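# Secondary and tertiary structure notes
In case you want the letters, here they are:
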Amino acid sequence: PKSAPTAPSASAASGPFIPPPVNRIEDIGLSPLWLQDLALKVMYFQGYMTGFKVAEEIALPFSGVVDQIMEALKREKLIEVRSSQGGLGDGAYLYAITAAGISRAREALERSQYAGPAPVTLDAYNLACQRQSRARIQVTARTMRQVLSSLVLSEKTFHRVGPAVNSGTSIFIYGPPGNGKTSIARAIGALTQTQPIYIPYAIYVEGQVIKLYDSVNHQLVPEDVNKASPSTPLRTRRDPRWIQIQRPFIVTGGELTLDGLDLVFDDVHRFYEAPFQMRANGGILLIDDFGRQLVRPRDLLNRWIVPLENRIDYLTLHTGRKIETV
């Protein structure tokens, strides 16, 4: 696989992947001006906001990061303090966007209307995928018998399924209708639920935002220990731009098209939605009833021949630039 550049805040250390805390703006990997525009867009849509609320909306710690962003916006007279909410420091100040701030926010919105959690860099995302690869999951015969206990399978079939799952590669299950192919695939998906993974809300690529988190297909894992308030000391919590989810199990059937396997650009909001296989990264993408899609099976397999062999997928931005994901 391609060896992604290593960001200082996401080193390829051994052990489980946990997003490291963000201590300063330089750890984010994004331009301070881009982060200022993001904060302005959030304030433009929501109106009066405290510093802590802005930090929560863009998923960054207030101390050392968002406070610096708000201070820069105040210096440029793009926002102003209206009142203090309880005397809890600068984070409790109630801010309002000024006329100059509205003008700059509208300019930023013409480029992209994305106004949510700050994205992570593509390099950081690729590194996290490598660290959390599903190939690391090892199952035993006992585990397989437990997850397949509701199915009646021959020993020959059982001893083929187990090694296929442990291979960590793609699996092709074929046979006549009604013999349990989909049920076996769903049982395999249940195996992955014991090992959650971290994914970012969104990914940043050369000024473009790819929205990755999908509340329909991604199931959040409760993280009470990490749900700290914006005022929690920086070194005691992970990067809030990442969320922990159950390994995804995404099913697509006859509605699948080749366009659905590439980045989907929203012409109105001007940011991207991640394709099916990217949302399923770290988990399982099940193509049910293969051959009944609107696209020919040969075209579908040709689309994935490189990703299946090299574990690298190539996606295209509307600018024509291709990006690599693992």
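Structure's up top.
Residues numbered from 1 in each chain as written. Predicted model: local features only at pLDDT ≥ 70, side-chain atom pairs only at ≥ 80, totals over all residues. Heavy atoms only, no water.

### What about the sheet that holds strand 2 (residues 79-84)?
The condition is simple: Pairing between two strands requires that DSSP report at least two bridges joining them. We count a stretch as a helix when DSSP gives it H or I for four or more residues in a row; a strand needs E for two or more, and each element gets its number in order from the N terminus. In this analysis, two residues are considered to be in contact whenever any of their non-hydrogen atoms come within 4.5 Å of each other. With axes taken as lines fitted to C-alpha atoms, and helix axes fitted only over the stretch in contact, angles between N-to-C directions fall between 0 and 180 degrees.
As summarised here, the arrangement of the three strands in space is 1-3-2, forming an open sheet in which the pairing is antiparallel. A strand with exactly one partner marks an edge of an open sheet, and here the two such strands are strand 1 (49-50) and strand 2. By the bridge criterion, five bridges tie strand 2 to strand 3 (residues 93-97) in an arrangement that is antiparallel. Its bridge partner being in strand 3, V81 is matched across the sheet by Y95. Contacts between helix 1 (residues 32-46) and the sheet are confined to strand 1, strand 2 and strand 3, with strand 3 contributing the most and set at about 90° to the helix.

### Digging into the pairing of strand 9 (residues 249-252)
The criterion, for reference: Three labels apply to residues, based on accessible area from a 1.4 Å probe with only protein chains included: buried if under 20% of the type maximum, exposed if over 50%, partly exposed otherwise in between.
Burial of the side chains of strand 9 is restricted to one face: I250 and T252 are buried, whereas none of F249 and V251 on the reverse face is. Alignment of strand 9 against strand 12 (residues 284-287), held across four bridges, turns out to be parallel. Each residue of the ladder has a partner; that of F249, found in strand 12, is I284.

### Here's the deal with the environment of V139
Within the fold, V139 resides in the loop between helix 5 (122-131) and helix 6 (141-147). By relative accessible area, V139 is classed as buried at 11%. In this structure the C-alpha to C-alpha distance between V139 and V165, which are 26 residues apart in sequence, comes to 7.7 Å. Every residue in contact with V139, bar those within four places of it in the chain, is listed here: M144, G162, V165, N166 and L191.

Interpretation in functional terms is not warranted from these geometric data alone.
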